[in-house]
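Chain residues, written in single-letter form:
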Amino acid sequence: MKTKHGFTLMELLIVVAVTTTVIALTGQLFVEGWTISHGAIRRINDNQMIPIIMKTWQKALRHSPPSSWKIAEESFHAGTTIVKQTGKHLVVITDGKEKHILLPQDSTCKFTIEQTPDMTKCAVMDFNWASHYYRNKKMNHVRFVSCGSNNEKAE
Amino acid sequence: MNVKTECRQEAAGFTIMELIVAMGLLVVVISAFTAVLNSIRSIETTYGYETKSIVVLNNMIERLEAGKSWNQEKVSEILKDEFTKSDLSDQSGFHPECHVEADKIYAAIIKMNGKPMAKVEFKR
């Protein structure tokens, strides 16, 4: 009985086409998977920074009365404490000592002083940052409220 | 006597069964990989909402502490105000909730399935 050895040209072409497709799809899946998981981990890291920024902001103003607050040149002054954004960092200067906190990508900090309906003054830091996804990006916003050291009422 | 023996040669290449098994395994591996990716994204999204919910509750506590006195109406009013000012209010399925149980006031951010995303309780 005569047996067939090897592949015909057509079989070879089909095998090469199938193998190439499988390798290409697997490669693309791997790259997308890597990008998605890497992006997700980076966004989780950014989220981890939020409570740290919130705590720093509230701690910086904890011992300052609202009467000592003022906003000048995009920085917040609370007595001897200054809070400002310098590029990628949030800088807290207390009695000449500087503390730098690395912010998430594309972050912006904006400071305001709010008066609540019951006439309590609160310092607010509006914080925006970008979450980068595989093909797009989404802006996030949180606000951090700090009401200072006492129940000083606004005039 | 001349005995002629015939040796049957093994077929080269894969059988259809082997091919199906290999493709089945590939599908299982890709499904598992996709499921893991979806889980990572889901965890990350939930964690993001959780962080924002905690910030809302923290702002509420900060404002309550600044006031001289507070009750359920006050907690509810500040919680709603902080929720509205956060970008959680743009997400469907989230809402603030404040209720009294026995001697406690509960303030929470509720998610789509009715369960709290973040919750605080105050003793009256």
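Keep in mind that this is a model prediction, so the values were computed, not measured. (Residues numbered from 1 in each chain as written. Chains lettered and ligands numbered in written order. Predicted model: local features only at pLDDT ≥ 70, side-chain atom pairs only at ≥ 80, totals over all residues.)

Chemist: Provide a residue-level description of the overall build of chain A, including the pertinent values.
Modeler: Looking only at helices and strands, chain A features 1 helix and 8 strands. Each helix and strand of chain A, placed in order from N terminus to C terminus, yields the pattern α-β-β-β-β-β-β-β-β. Expected size for 155 residues packed as a compact globule is a radius of gyration near 15 Å; at 28 Å, chain A overshoots this value by more than 25%. Principal-axis analysis of the C-alpha atoms gives chain A an extent of 105 × 35 × 25 Å. Sorting the 155 residues of chain A into buried and exposed places 25% on the buried side. A separation threshold of at least 6 residues defines the contact pool for chain A, and within that pool the share at least 24 residues apart is 47%. (Helix = DSSP H or I, 4+ residues; strand = E, 2+ residues; numbered from the N terminus. Rg over C-alpha atoms; globule rule 2.2 N^0.38 Å. Buried ≥ 20, exposed ≤ 12 C-beta atoms within 10 Å, placed from the backbone. Contact = placed C-beta atoms within 7 Å.)

Chemist: Would you mind going over the pairing of strand β3 (residues 116-123) of chain B in detail, with residue names and values included?
Modeler: Looking along a regular strand, one sees side chains alternate from face to face of the sheet. All names here are of chain B. Both strand β2 (residues 104-110) and β3 contribute to a ladder of 7 bridges, which runs antiparallel. Directly across from I109, in β3, lies its bridge partner A118. The turn linking β2 back onto β3 is made up of 5 residues, and G114 within it adopts a positive phi angle of 85°. (Pairing = 2+ DSSP bridges.)

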